[in-house]
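# Chains, contacts and geometry: an overview
Chain residues, written in single-letter form:
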Amino acid sequence: MSAQAQTTTPERGLRTDPFLLEAQDLKVTFRAPGGRKLHAVDTISVGVRPGETVGLVGESGSGKSTVARTIMRAYEPEGGHIFFEGKDIAHLNERHLLPIRGKLQMVFQDPYSSLDPRWTIRRVLAEPLVAHNYGTRQKINERVDYLLKVVGLPADSAQRLPSQFSGGQRQRIAVARALALEPKMIIADEPVSSLDVSIQAQIINLLRDLQERLKIGLLIIAHDLALVHQISDRIVVMYLGEEVEEGPADEVVGRPQHPYTVALLSATPVPEPGGDNKRIVLTGDPPSPIYRPSGCRFHPRCPIARDRCKTEKPPLKEIGQARKVACWYAGEMPAPRDLWAMQGKALTAEELAGPDLRS
Ligand code: ADP
Ligand code: MG
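Description of the structure in this document. The structure displayed is predicted, hence computed values, not measured ones. (Residues numbered from 1 in each chain as written. Chains lettered and ligands numbered in written order. Predicted model: local features only at pLDDT ≥ 70, side-chain atom pairs only at ≥ 80, totals over all residues. Heavy atoms only, no water.)

## Things to note about the nonpolar core
Among the nonpolar cores identified, the biggest contains 63 residues, and Leu 125, Val 151, Ile 173, Val 175, Leu 179, Ile 235 and Val 237 are the most heavily contacted of them. Element by element, the count of residues in this core is highest for helix α5 (residues 167-179), at six residues. By size, the runner-up hydrophobic cluster in this structure holds 31 residues, among which are Leu 20, Ile 89, Leu 92 and Ile 187. (Core = buried A, V, L, I, M, F, W, Y, C linked by side-chain atoms within 4.5 Å. Buried < 20%, exposed > 50% of the residue type's maximum accessible area, 1.4 Å probe, protein only. Helix = DSSP H or I, 4+ residues; strand = E, 2+ residues; numbered from the N terminus.)

Written out as structure tokens, the structure is:
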């Protein structure tokens, strides 16, 4: 598949209509042992329009799950807003959140621990329907049968227990459960990271298919930029709790501006027969969100950092339509394809087009 083939509309990633879900300047801190503050999420803003897919990427520990859980109100944000259909839900109590919960659903990373092993699949899928007074028993049963069909599971799955399903099938069940109440928005946190690589594409395709068919807003969270690119209209890149880059998916992957994004892309294995791996390797672990580096948080690991980066924090700046970056020297780090070009070897058409990130 070429990079063009997956572009659904010319405006992919360039819509300007209002957000369905918008986290605005979200700030979440935890207390670390010893009483110090752990800055898990520091003024992150991310919005998703109706029927839009937005990818949130970053290494493990960058705060992605905290963003998701805070939007789901498992945590109370220390600062910022969470607008859903224009209403700030950041501090609503559980009673007022209940009607919103049906419309805003989540799919988790681990389909093993997210399903009760003693419950039949019918009970798993009926439970949210019962809780929200969906209707008569017959209506609920019909809905369960429909949900199984929608996610591609056989009709007799309803009588079975989670243990009788593979990881990929369990994730289909989790998606079916998320769809039960006809949500307008789904947050999927690393939905395929625990699955075999061979199954990952099936679940990603299912999510993309459902999202397009049902016009659901989707926030997909993953550490794998290539995977997020497959499905997203727009991408937001996070580092150490902060946003470093944002833009239409093809732009962020095709013309990354932040050195961290370039490094994330370089981490994607590109098969190069006979050649060594010309990757920019991210050295060391990400710094601790308790003791964050001064200036640009990325400077200790950045190949192009200069003195200024150690002391002055680069603001998140607009650099074009729907495009933002937080780097004093944005665009100065060569993208992987340019690095290959600099090696002086002839480039194939595919290499010129950039890495095929969907293989
Ligand atoms: P990601 O999902 O990107 O891997 P997380 O949001 O899980 O990142 O974690 C971000 C940071 O917050 C990490 O340093 C993590 O250890 C810390 N953290 C996450 N949840 C909690 C919690 N409930 N209590 C204390 N620290 C937490
Ligand atoms: Mg996580």
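Back to the write-up after that little detour.
## Looking at the site of ligand 1
The environment of ligand 1 is made up of 13 residues, and the closest members are Gly 61, Gly 63, Lys 64, Ser 65 and Thr 66. Between Gly 61 and ligand 1, the recorded distance is 2.6 Å, taken from a backbone N or O atom to an oxygen atom. Measuring from an oxygen atom of ligand 1, one finds a backbone N or O atom of Ser 62 at 3.2 Å. Notes on ligand 1: free accessible area 560 Å², of which the protein chains cover 67%. Sorting the residues of the shell around ligand 1 by element identifies β2 (37-48) and α1 (64-71) as the ones contributing at least two each. The element contributing the most residues to the shell around ligand 1 is α1, with three residues. Of the residues assigned to the shell around ligand 1, the class counts are five nonpolar, six polar and two charged. (Near = heavy atom within 4 Å. Polar contact = N/O pair within 3.5 Å; in protein donor to acceptor, adjacent residues only side chain to side chain. Areas by Shrake-Rupley, 256 points an atom, 1.4 Å probe, with all protein chains shown as cover. Nonpolar A, V, L, I, M, F, W, Y, C, P; charged D, E, K, R; others polar.)

## Description of the pairing of strand β11 (residues 317-320)
Note that β11 and strand β12 (residues 323-325) share three bridges and pair antiparallel. By the bridge assignment for β12, Lys 317 is matched with Val 325. Linking β11 back to β12 in an antiparallel pair, the connection comprises two residues, with Ala 322 at a positive phi of about 60 degrees. (Pairing = 2+ DSSP bridges.)

## Some points on the environment of Ile 220
Mapped onto the secondary structure, Ile 220 falls in strand β8 (residues 217-222). For Ile 220, a relative accessible area of 0% corresponds to the buried category. With near-sequence residues (within four places) excluded, Ile 220 lies in contact with Thr 53, Val 54, Gly 55, Leu 56, Ala 188, Pro 191, Ile 204, Leu 207, Val 228, Ile 231 and Ser 232. (Contact = heavy atoms within 4.5 Å.)

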